[in-house]
Amino acid sequence: GAVVSQHPSWVICKSGTSVKIECRSLDFQATTMFWYRQFPKQSLMLMATSNEGSKATYEQGVEKDKFLINHASLTLSTLTVTSAHPEDSSFYICSAKTDTSTDTQYFGPGTRLTVL
Amino acid sequence: KNQVEQSPQSLIILEGKNCTLQCNYTVSPFSNLRWYKQDTGRGPVSLTIMTFSENTKSNGRYTATLDADTKQSSLHITASQLSDSASYICVVSVKGSNYKLTFGKGTLLTVNP
């Protein structure tokens, strides 16, 4: 149980285009989903926290107009990288929690974004 | 500032050997500590979780220890296998603040035949 999927697993796009990444909780309802970014040989860095039906909370230094997060249902959150640039190339990982009383996060397999 | 430091940064061992990875943290207030295994290009997978009162937790060939007084943890891998090659990440949860996680940079373990 507690499986989180991401789609796509990898994507290559041209600079200036927008890319949408989906995160789904397959067998549970996720009240909270998190989006992380991981650069090579670095730890996961939290970008934003999103609760179903409300606006995402972004970490300091993360541009909310560039990284659009939508958590429209209890099983789906999307991250849209708008006007992507090569420096946005990274490994994006989402995670999900079942409820607010736990800190257990289930991680997705990640999405490798390469911006040319 | 909440921080999690891991050592060594990388480690190469021969198949069948044991190894121990270290984690020091300054996170407060402490909720729990997890060790994750992250294969290259994949998301992290939880290996163990320990709360303040737990000193050791095992999961197959993985044994984690926690010393809450010195704020240190270790992950011991017994009889390593080629499939153990991965990054091992120590993650500490902060009590309150929506249980925010503080991640270490990980130890990259390579198991060679």
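Residues numbered from 1 in each chain as written. Chains lettered and ligands numbered in written order. Predicted model: local features only at pLDDT ≥ 70, side-chain atom pairs only at ≥ 80, totals over all residues. Heavy atoms only, no water.

Asker: Explain the overall build of chain B to me, using residue names and the numbers behind them.
Answerer: When helices and strands are tallied, chain B shows zero helices and eleven strands. Along the chain direction, N to C, the helices and strands of chain B fall in the order β-β-β-β-β-β-β-β-β-β-β. Scaling as 2.2 N^0.38, a compact globule of 113 residues should have a C-alpha radius of gyration of about 13 Å, and chain B matches this with 14 Å. When its C-alpha atoms are laid out on the principal axes, chain B stretches across 45 × 30 × 20 Å. In chain B, which comprises 113 residues, the proportion classed as buried is 43%. Nonlocal contacts in chain B, meaning residues at least 24 apart in sequence, comprise 55% of its contacts between residues at least 6 apart. Carbon and sulfur atoms form 50% of the exposed surface of chain B, whose accessible area is close to 5,600 Å². Taking the average location of the 11 positive side-chain charges in chain B and that of its 7 negative ones, the two points are 7 Å from each other. (Helix = DSSP H or I, 4+ residues; strand = E, 2+ residues; numbered from the N terminus. Rg over C-alpha atoms; globule rule 2.2 N^0.38 Å. Buried < 20%, exposed > 50% of the residue type's maximum accessible area, 1.4 Å probe, protein only. Contact = heavy atoms within 4.5 Å. Areas by Shrake-Rupley, 256 points an atom, 1.4 Å probe, with all protein chains shown as cover. Lys, Arg positive; Asp, Glu negative; His and termini not counted. Charge placed at Lys NZ, Arg CZ, Asp CG, Glu CD.)

Asker: Explain the pattern of salt bridges to me, and be specific about the residues and the numbers.
Answerer: Using the criterion set out here, one finds four salt bridges over all chains in the structure. Its salt-bridge partner being Glu 22 of chain A, residue Arg 24 of chain A comes within 3.5 Å of it at the nearest N-O pair. Note that Asp 84 of chain B is salt-bridged to Arg 61 of chain B, the shortest N-O span being 2.8 Å. You can see Asp 84 of chain B sitting in the loop between strand 8 (72–77) and strand 9 (86–94) and its partner Arg 61 of chain B sitting in the loop between strand 6 (56–59) and strand 7 (62–67), a full 23 residues away along the chain. Residue Asp 84 of chain B is classed as buried on the basis of its relative accessible area, which comes to 1%. When its relative accessible area of 24% is taken as the criterion, Arg 61 of chain B is described as partly exposed. (Salt bridge = Lys/Arg side-chain N within 4 Å of Asp/Glu carboxyl O.)

Asker: Give a description of the nonpolar core that names residues and reports values.
Answerer: Ranked by internal contacts, the top residues of the largest apolar core, which has 25 residues, are Tyr 25, Leu 33, Trp 35, Leu 75 and Tyr 88 of chain B. The biggest single contributor to this core is strand 9 of chain B, with five residues. With 24 residues, the next largest nonpolar core counts Val 4, Cys 13, Tyr 92 and Cys 94 of chain A among its residues. (Core = buried A, V, L, I, M, F, W, Y, C linked by side-chain atoms within 4.5 Å.)

Asker: Go over the side chain of Thr 107 of chain B, please, and point to the residues and values.
Answerer: Residue and element names in this part refer to chain B. Relative to the assigned elements, Thr 107 resides in strand 11 (residues 107–112). Of the polar contacts made by the side chain of Thr 107, one reaches the backbone oxygen of Pro 8; its length is 2.5 Å. Those residues in contact with Thr 107 that lie beyond four places of it in its chain are Gln 6, Ser 7, Pro 8, Gln 9, Ser 10, Leu 21, Ala 86, Ser 87 and Tyr 88. (Polar contact = N/O pair within 3.5 Å; in protein donor to acceptor, adjacent residues only side chain to side chain.)

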